[in-house]
Amino acid sequence: MTTPLELVVLDMAGTTVLDDGVVEQAFQRAAERTGVADRMPWAEALDYVRVTMGQSKIDVFTHLASGDRAAAERATAAFEGAYAEIVAEQGVSEIPGAADAIQELKDAGLTVVLTTGFAPVTRDALIDGLGWQDLIDLVLSPVDAGRGRPAPDLVLTALLRTQTSSVRAVAVAGDTVSDVESGRRAGAGFVAGVLTGAHDRPALSAAGADAVLSDVTALRGVLAQRELLPLVATSS
């Protein structure tokens, strides 16, 4: 018997928030300003950034800085500043249809939590820019949970904060391998990958996604098809 869902945990950049290369641009500005990636060819550093998309930024920069935590902290601060600059320059947009998709999930009786590898200052700037303050039930960054993705902490913190009854009553969706791995490690009842961000179908499937969707707007339909929506929603 399937467990009806209570909570959906969605990633931000690349899943609900349009990235359009902003994360890579911010990494480049931060690297140029701090020299944190100077120990390796830039192409190699950028490839690492792409592979680890979705993970906590401090963890990514710690690797690029050969474990130098102080250098990584400086680079992370530079990244957050650069990201804010780019958002101010270019604005911020949702993945087309994301807000409506989130509202549909809420209308179906689900709680919706957004998670991100960004620090709270960047995360909150994005939410403000989108005008989503009243749309989302909760937004979490690694500092709120302990460890960033691919650890399960963000998903489990979302479960605890929303008083969800069971990990099997949680669905997770994101555009990166780290998102999928985080959901799997948390024991989520359903984990989906979406193709609007960093990683492709083979990578998301290999990471353990139960389904790989074109974008977040397809999520409610898949949950309904698999009879995972709350009984109050399916019986109305």
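The structure contained in this document is the topic of the report that follows. (Residues numbered from 1 in each chain as written. Predicted model: local features only at pLDDT ≥ 70, side-chain atom pairs only at ≥ 80, totals over all residues. Heavy atoms only, no water.)

Things to note about the environment of Thr 164
Position of Thr 164 relative to the elements: it lies in the loop between helix 8 (153–161) and strand 4 (170–174). Looking at Thr 164, the relative accessible area reads 9%, which means it is buried. Residues Thr 164 and Leu 114, 50 residues apart in the sequence, show an inter-C-alpha distance of 15 Å. Apart from residues no more than four positions distant in its own chain, Thr 164 is found in contact with Glu 6, Leu 7, Leu 159, Ala 169 and Val 170. Among the polar contacts made by the side chain of Thr 164, one reaches the side chain of Thr 162 at a distance of 2.8 Å. (Helix = DSSP H or I, 4+ residues; strand = E, 2+ residues; numbered from the N terminus. Buried < 20%, exposed > 50% of the residue type's maximum accessible area, 1.4 Å probe, protein only. Contact = heavy atoms within 4.5 Å. Polar contact = N/O pair within 3.5 Å; in protein donor to acceptor, adjacent residues only side chain to side chain.)

Quick word on the pattern of salt bridges
Oppositely charged side chains are able to pair whenever their charged atoms sit close together. Taken as a whole, this structure holds 12 salt bridges when the rule is applied. Across the pair Glu 24 and Arg 50 runs a salt bridge whose closest N-O atoms are separated by 2.8 Å. Taken as a pair, Glu 24 in helix 1 (residues 22–34) and Arg 50 in helix 2 (residues 42–51) lie far apart in primary sequence, 26 residues in all. The class of Glu 24 is partly exposed, set by a relative accessible area of 22%. It is possible to trace a salt-bridge network through shared partners that takes in Arg 29, Arg 33, Glu 85 and Glu 89. (Salt bridge = Lys/Arg side-chain N within 4 Å of Asp/Glu carboxyl O.)

Here we look at the sheet that holds strand 1 (residues 7–11)
Taken in spatial order, the 6 strands of this open sheet run 3-2-1-4-5-6, and their pairing is parallel. Of all strands in the sheet, those bounded by a partner on one side alone are strand 3 (138–140) and strand 6 (211–213). Here the average twist between neighbouring strands, direction ignored, is 25 degrees. Two elements, strand 5 (residues 190–194) and strand 6, share 3 bridges in a ladder whose sense is parallel. (Pairing = 2+ DSSP bridges. Axes fitted to C-alpha atoms, helices over the stretch in contact; angles between N-to-C directions.)

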